[in-house]
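So you can see what is in the structure, the chains are spelled out below.
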Amino acid sequence: MSLSIYEASVPVFIRGMRNLQAILAKAEAHAGDRGDPPSVLIEARLAPDMLPFNQQVQRVSDTAKGAAARLAGQEVPSFPDTETTFPELQERLTRTIAYLESVPADQIEAGENRPIVLRPRGGELRFDGKTYLLSFALPNFFFHVTTAYAILREQGVPVGKMDYLGGF
């Protein structure tokens with residue numbers, strides 16, 4: 001049995017974002033329990049040159065919706081990066097999941113060999129759909145999920161490996 005490009009993308013992204021939503025809920029509760037303003041966690045970062053927590057969550061969303069759209073041959077939905085609260089971050093993940101659930105599996109399957117071109121600052125990256133997903137989109141998605149998790153751990157939020165992995 002082979003693994004389809006859809007199975008390797010949309011369900012994986014959705015699961016990661018739902019796990020992150022559960023982690024966000026624990027972080028919000030933790031901030032309340034400590035009496036800290038939520039902005040302490042929202043603005044936290046691991047290093048001065050890294051994005052803060054809220055922007056890590058935004059990149060999780062951007063990576064998932066961008067990958068699904070590119071593989072499906074659709075325009076990437078644009079969400080403004082204005083989230084500064086836990087409820088706003090939760091809503092962004094909810095909207096991203098809703099978008100992913102709306103993309104037909106057959107459109108994503110058709111993107112396995114589709115040319116994907118990204119234009120980050122200073123260059124151009126070219127992939128076929130499968131290579132884009134496996135070597136760029138999934139690693140980028142998990143980088144930002146992991147970094148968001150690590151920021152919260154460093155800030156003392158009581159989350160562990162099973163929170164990251166989620167329930168089975």
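None of these values were measured; they are calculated from a predicted model. (Residues numbered from 1 in each chain as written. Predicted model: local features only at pLDDT ≥ 70, side-chain atom pairs only at ≥ 80, totals over all residues. Heavy atoms only, no water.)

### Some thoughts on the overall build of the chain
Helices and strands together make up the secondary structure of the chain, namely 7 helices and 2 strands. Of the regular secondary structure in the chain, the N- to C-terminal order runs α-α-α-α-α-β-β-α-α. Against the globule reference of 15 Å for 168 residues, the chain gives a C-alpha radius of gyration of 16 Å, in line with a compact fold. Counting only C-alpha atoms, the chain reaches 50 × 40 × 25 Å along its principal axes. Looking at the chain residue by residue over its 168 residues, the buried ones come to 43%. A separation threshold of at least 6 residues defines the contact pool for the chain, and within that pool the share at least 24 residues apart is 69%. Within the structure as shown, the chain displays about 8600 Å² of accessible surface, and the carbon and sulfur contribution to it stands at 55%. Placing the 17 positive and 20 negative side-chain charges of the chain at their respective mean positions leaves the two points 4 Å apart. (Helix = DSSP H or I, 4+ residues; strand = E, 2+ residues; numbered from the N terminus. Rg over C-alpha atoms; globule rule 2.2 N^0.38 Å. Buried < 20%, exposed > 50% of the residue type's maximum accessible area, 1.4 Å probe, protein only. Contact = heavy atoms within 4.5 Å. Areas by Shrake-Rupley, 256 points an atom, 1.4 Å probe, with all protein chains shown as cover. Lys, Arg positive; Asp, Glu negative; His and termini not counted. Charge placed at Lys NZ, Arg CZ, Asp CG, Glu CD.)

### Describing the pairing of strand β1 (residues 115-118)
Side chains I116 and L118 project from β1 onto a buried face, and the interleaved P115 and V117 project onto a face without burial. Judged from the 4 bridges that link them, β1 and strand β2 (residues 125-128) form a sheet pairing that is antiparallel. Bridging from a neighbouring strand, P115 pairs with D128 of β2. Hairpin geometry of β1 and β2 is characterised by an intervening segment of 6 residues between the two adjacent antiparallel strands and by a positive phi of about 85° at G122. (Pairing = 2+ DSSP bridges.)

### Overview of helix α3 (residues 53-72)
In this model, α3 (20 residues) spans 29 Å end to end at C-alpha, consistent with the 28 Å of a helix rising 1.5 Å per residue. For α3, the tally of buried residues reaches 16 of 20 residues, placing the bulk of the element in the interior. Looking one or two residues past α3, G73 carries a phi angle of roughly 75°, positive in sign. (Expected span 1.5 Å × (residues − 1).)

### Focus on the nonpolar core
In terms of nonpolar packing, the biggest core is built from 46 residues, with F13, M17, F53 and L100 touching the most fellow members. Mapped onto this core, the elements with two or more residues apiece are α1 (10-34), α2 (39-42), α3, α4 (86-102), β1 and α6 (129-154). For this core, the element with the highest residue contribution is α6, accounting for 10 residues. Among all residues touching F53, those that are not within four sequence positions of it are L24, L41, I42, A44, F86, L89, A148, I151 and L152. (Core = buried A, V, L, I, M, F, W, Y, C linked by side-chain atoms within 4.5 Å.)

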